[in-house]
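# Survey of secondary and tertiary structure
What follows is the residue order along each chain.
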Amino acid sequence: MGLRAFLSRRVVTPEGLRPAAVLVEDEKIRAVVTPAEVPSAATLEDFGGLALLPGLVDSHVHINEPGRAEWEGFRSATEAAAAGGYTMLVDMPLNCIPATTNVSALEAKRNAAQGQCRIDWGAWGGVVPGNHEDILPLAQAGVLGYKCFLVPSGIEEFRMVTEQDLRAALPYVARTRLPLLVHAELPEFLGGFNMRDDDWSQYSTHLRSRPAEAEVAAIRLMLLLCRDYGFRLHIVHLATGLALEMLQSARAAGLAVTVETCPHYLHLEAEQIADRATQYKCAPPIRSHPNREHLWQGLKDGVIEIIVTDHSPCPEFMKQPGEGNFRDAWGGIASLSVALPVIWTEAKQRGFDLTDIARWMSERPAQLAGCHARKGRIAGGYDADFVVFDSDAEFTVTSDRLCQRHPISPYIGETLRGVVKRTYLRGGIVFQDGQFSGSPTGREFRQ
Ligand SMILES: [Zn+2]
């Protein structure tokens, strides 16, 4: 295709927001130069005042294929992602069947993904009771790291691990030098049997059943194990601000621990959630307004460095819209196509800028997934992955914009700031003004 120059007055580079020309050759960024330095042979694409961000990276997505493609799938998940400005996602080892807990399951996933992906992707492997013999082979086969649950996952094929299970698995995990992503809640703090007769149509019942203490105690346990085994620990979807201080001191003491949170914890608040509104159900739950502000403080202080969607859709009947029962409804919020405007709407009000967005939603997740030599930055040598973003435009979320298989979302009806105009994957347009272009060109990134 020859040399191209992508011009914008607002290119988001690791050095900050500035007018620049990004020189692209084939699939790669060759260099970032000033507009005056563009070689005369280059074909120009001038985006004017629209911002040019690195393609977003989501390291926490449930694609559910193979096995539960009726919930979501490679095609619909990567289309929702491309529409949201993402160019790379990493798939969780559940809720697909088989769960990605050994190499043959990983191969089944690769077969399912073949020819379906609009953007690049990678796979996390699972750590479940008794599969420690599979940990090293999974790394050799190319997973980017591992995921485990300290509470029941809601999926029978993916069992939770106890401290004892972890002590069997962690020496292997440590040897791979890949991260272990942990769903950090402890079961003994969850309201279960004893809350059977409570009114589960109320959001407050769901909230009470999964208290912040469950997260805090689980994180405390994982930090101890991190000290004992020296593996890379990553806390997924932190929902409580109460663990931030402990995480900050662990980091200050030199432990390799990273933390993510999600758009729903940063934008929504328990006080605003109506009874029976099970589209808001996720675990851990969306907590109070003051807690939400505490999480923003965690981002400001740098304790939380990653924002990912935890995109976890399901068919409508599983959310039980009729009954609105928070105990039985599926827990999961899908937001790939709207996460960027959700976060930008909140971040702008708090004085953050697009460089913060690029760090939280692209650079740091790419580091976690180990693809940071190719993804996560607009810089020479990186993949030519971009989002063209109109950061001032507003739009109202409607179900047809979601692009996921089942258009269920707590964001429907909300007016948000920032519109994804175009998404480029390795130099090619994959999404433009509401349309996907060409056939899927996404590839798997392997470690
Ligand atoms: Zn998840």
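Residues numbered from 1 in each chain as written. Predicted model: local features only at pLDDT ≥ 70, side-chain atom pairs only at ≥ 80, totals over all residues.

## Concerning the pairing of strand 8 (residues 120–123)
Residues Asp120 and Gly122 line one face of strand 8 and the alternating positions Trp121 and Ala123 line the opposite face, and both faces are buried. Here four bridges tie strand 7 (residues 86–91) to strand 8, and the two strands are oriented parallel to one another. Pairing of methionine 88 across the sheet is with aspartate 120, part of strand 8. Where the polypeptide runs from strand 7 across helix 2 (residues 103–113) and back to strand 8, its parallel neighbour, the crossover connection is right-handed. (Buried ≥ 20, exposed ≤ 12 C-beta atoms within 10 Å, placed from the backbone. Helix = DSSP H or I, 4+ residues; strand = E, 2+ residues; numbered from the N terminus. Pairing = 2+ DSSP bridges. Right-handed = clockwise from strand over helix to strand, strands pointing away.)

## Some points on the packing of helix 4 (residues 163–176) against helix 6 (residues 212–229)
Two elements in contact, helix 4 and helix 6, have axes separated by 10 Å at closest approach and are oriented at 40°. Relative to helix 6, the element helix 4 is oriented oblique. Relative to helix 6, the crossing made by helix 4 is right-handed. Judged by residue contacts, Glu163, Leu166, Leu170, Pro171 and Ala174 of helix 4 engage Leu221, Leu225 and Tyr229 from helix 6. (Axes fitted to C-alpha atoms, helices over the stretch in contact; angles between N-to-C directions. Parallel < 35°, antiparallel > 145°, perpendicular 65-115°, else oblique. Left-handed = near helix turned anticlockwise from the far one by under 90°. Contact = placed C-beta atoms within 7 Å.)

## Quick look at the domain arrangement of the chain
If you check the domain split of the chain, you get domain 1 (3–52 + 382–436) and domain 2 (55–369). Centre-to-centre separation of domain 1 and domain 2, based on C-alpha positions: 26 Å. Opposite the 29 residues of domain 1 that make contact, domain 2 presents 42 residues. Residue assignment for the side of domain 1 that touches domain 2 shows that the elements contributing at least two residues are strand 2 (16–25), strand 15 (386–396), strand 16 (415–425) and strand 17 (428–432). (Domains from an automatic or database assignment.)

## Overview of the environment of serine 439
Note on placement: serine 439 falls in the segment after strand 18 (435–436). For the pair serine 439 and glycine 115, spaced 324 residues apart in sequence, the C-alpha separation works out to 8.3 Å.

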